[in-house]
Amino acid sequence: MKLLNTDIKNKVLQSMMQILDRNKQEIIAANKKDLDLFDKSDRAMYDRLIVDEKKVDGMIGAIEEILNQEDPVGKIKSERNLENGLKIQNKTAPFGTIMIIYESRPDVTIEAAVLAFKANNKILLKGGKEAINSNIALEACWHQALKENGLDTDWIKLLHMNREETQEFLRNPTEKLDLIVPRGGERLIAFVKEHAKCAVLVSGRGNNFLYVDKTADWAESLKVILNAKTDKISACNALDKILINSNIEDYPNKMKELNEVLSSQGVSVLVDSEAAKVLKDNEQVKDESTWYEEFLAMKCVVSPVEDLDKAIDRINKYSGGHSATIMTQDEDLAGSFMDQVDSAAVYHNASTRFTDGGQMGVGAELAISTDKLHHRGPLGLEQLVTNKYYVYGNGQIRE
């Protein structure tokens, strides 16, 4: 797709905000069709699927936020003049075509598209079948905004493919693909990585850990744990595993209090064999695979560890590389934890729920990348560009 100037891109976004506002009830009605067909027993997925007036207002707000951000394309990253007279600039440039595969969340149809478009990328949206009516309604809004400003609707396109057709498209795409972002669980990520022929940027898997050091403020730790676990269980930044230093003062009673606090909020607390020595009535972890699992449910695992090194080893072995927290009053210990834990975001005395583009000052996000190339953490507007070199000469040849 051709390079667009900032003015025309912003006009599309302004149109889209007005169209969403005008069509709010139609979008909610389309979403109700999806909700009526969905199994409400999967609470996390159901929560992600809901579109109400507040959610549409949030979509409009996300577009306005990107509208007000600086265009990321064509920015000079570095510049130098060589002795031979060549002038070399390294400038930001669009990826080209981005494909995002996601489940349940219709707001991704807005946030992913607005980010990709403002960064001058074409985007292919492969939403889940559970949100088909919502996504069709939102795509129609995008197409209206593009047409109003004289642009091709191919800039933003919803793909209608089943699993087999998606597999074939990944293997033999009918158009050029530059980047694929699978935003979902382990099975989706594995499926995309197995079949894709272009770059894949992994996103979405949580399985986040929190470690309570023996110097931690216990009341503060309980508050942070409760927020990270229960505030939004469908989020990839929710807490799943809690490690407690076994040398913490009054360890048995603190374990019992933690269990009571979580259980009182409806959280099922699983324990390993060591924790079961104190929490005798709790269900035990039966298989090591549970340690790798992202729950997306009111469930967590609690386990003691002997020291910081054991906590770091456990986290780096089992976590999804998303977010990890240490609760401690020892700043040096916190520094060691944050340096050595291999996650996209590491925290000292704070909830993992802040791993979010809006909360981190990035703004709307395409996803949270747990990859190390080309970017790690929230993928905002600035991260949806690559770079290329512009070399200016006057007849230079290499000798």
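It should be emphasised that the depicted structure is a prediction, and the values quoted were computed from it without experimental measurement. Each residue is numbered by its place in its chain's sequence as written, counting from 1. Where local features are concerned, this predicted model is filtered to residues with pLDDT of at least 70; where side-chain atom pairs are given and counted, the filter is 80 or more; whole-chain, interface and lining totals use all residues. Only heavy atoms go into the side-chain values, all of them from the structure, while hydrogens and water stay out.

Chemist: Can you walk me through the overall build of the protein chain in this structure?
Modeler: The numbering of helices and of strands both runs from the N terminus, where a helix is a DSSP run of H or I of at least 4 residues and a strand a run of E of at least 2. If you tally the helices and strands in the protein chain, you get 13 helices and 16 strands. With the C-alpha coordinates aligned to their principal axes, the bounding extent of the protein chain is approximately 75 × 65 × 40 Å. A buried classification covers 54% of the 399 residues belonging to the protein chain. By the convention used here, residues are in contact when the closest approach between their heavy atoms is within 4.5 Å. Long-range contacts, defined as pairs at least 24 residues apart, comprise 70% of the intrachain contacts of the protein chain with a sequence gap of at least 6. Think of it in three bands: residues with accessible area under 20% of the maximum for their type are buried, residues over 50% are exposed, and the middle band is partly exposed, with areas taken using a 1.4 Å probe on protein chains only.

Chemist: Got a minute to help me understand the packing of helix 7 (residues 163-171) against helix 8 (residues 186-195) in this structure?
Modeler: Angle between the axes and distance between the axes are the two parameters that describe a pair of packed helices. Fitted lines through C-alpha atoms give the axes, limited to the stretch in contact for helices. The angle between two N-to-C directions lies from 0 to 180 degrees. With their axes 8 Å apart at the nearest point, helix 7 and helix 8 run at an angle of 40° to one another. One way to sum up the angle between helix 7 and helix 8 is to call them oblique. The segment helix 7 lies against helix 8, with Arg163, Thr166, Gln167, Leu170 and Arg171 engaging Phe191, Val192 and His195. Any residue outside Ala, Val, Leu, Ile, Met, Phe, Trp, Tyr, Cys, Pro, Asp, Glu, Lys and Arg is labelled polar, Gly included; the first ten of those are nonpolar and the last four are charged. Residues of the contact of helix 7 with helix 8, tallied by class, amount to three nonpolar, three polar and two charged. The scheme is simple: roughly parallel for angles under 35 degrees, roughly antiparallel for over 145, roughly perpendicular for 65 to 115, oblique for anything else.

Chemist: In this structure, what is going on with the sheet that holds strand 1 (residues 76-81)? I would like to understand it.
Modeler: Strands in a sheet are paired, the pairing made by backbone hydrogen bonds, and the direction either parallel or antiparallel. Note on pairing: two strands pair once DSSP finds at least 2 bridges between them. Read from one edge to the other, the open sheet built from three strands follows the order 1-2-16, with strand pairing classed as antiparallel. This sheet does not close on itself; its edge strands, each paired only once, are strand 1 and strand 16 (385-392). Each neighbouring strand pair of the sheet contributes to a mean axis angle of 20°, computed without reference to strand direction. Bridge count for strand 2 (residues 87-94) against strand 16 is eight bridges, and the pairing is antiparallel. Bridge pairing in strand 16 links Lys91 to Lys388.

Chemist: Mind showing me how you'd approach the sheet that holds strand 6 (residues 179-183) here?
Modeler: Reading across the sheet, the five strands line up as 5-4-3-6-7 and stay open at both edges, with parallel pairing between neighbours. Each edge of the sheet is formed by a strand with only one pairing partner; in this case those strands are strand 5 (156-158) and strand 7 (199-200). Pairing of strand 3 (residues 97-102) with strand 6 involves five bridges; the strand directions are parallel. Among the inter-strand pairings, Tyr102 is bridged to a residue of strand 6, identified as Arg183. Strand contacts of helix 5 (residues 107-118): strand 3, strand 4 (122-126), strand 5 and strand 6, with the helix running at about 165° to strand 4, the strand carrying the most contacts.

Chemist: What exactly am I supposed to notice about the nonpolar core here?
Modeler: In this structure, Leu20, Ile100, Phe117, Ile123, Trp142, Ile156 and Leu366 are the most contacted members of the largest nonpolar core, which totals 53 residues. When residues of this core are assigned to their parent elements, the largest contribution, eight residues, is made by helix 5. The contact partners of Trp142, leaving out residues within four places of it in the chain, are Val12, Leu13, Met16, Thr109, Ile110, Ala113, Val114 and Ile156. We call a set of buried Ala, Val, Leu, Ile, Met, Phe, Trp, Tyr and Cys residues a nonpolar core when their side-chain atoms join them within 4.5 Å. In terms of nonpolar packing, the next biggest core, distinct from the first, is built from 28 residues, Ile233, Val271, Val278 and Met327 among them.

Chemist: How should I be thinking about the environment of Ala62 in this particular structure?
Modeler: Mapped onto the elements of the fold, Ala62 is located in helix 4 (residues 53-67). Classification of Ala62 by relative accessible area gives buried; the value is 6%. Spatially, the C-alpha atom of Ala62 lies 30 Å from that of Asp342, the residues being 280 residues apart in sequence. Leaving out residues up to four positions away in the same chain, Ala62 has contacts with Glu111 and Ala364.

Chemist: What should I look at first to understand the packing of helix 1 (residues 6-22) against helix 5 in this one?
Modeler: Packing of helix 1 against helix 5 brings their axes to within 10 Å, and their N-to-C directions diverge by 160°. It follows that helix 1 is roughly antiparallel to helix 5 by the angle criterion. When the axes of helix 1 and helix 5 are compared, the crossing they make is right-handed. Between helix 1 and helix 5, the contacting residues are Lys9, Asn10, Val12, Leu13, Met16 and Leu20 on the first element and Ile110, Val114, Phe117 and Lys118 on the second. Should the near helix be turned anticlockwise from the far one by less than a right angle, the crossing is termed left-handed; should it be turned clockwise, right-handed.

Don't take any of this as a statement about function, it's just geometry.
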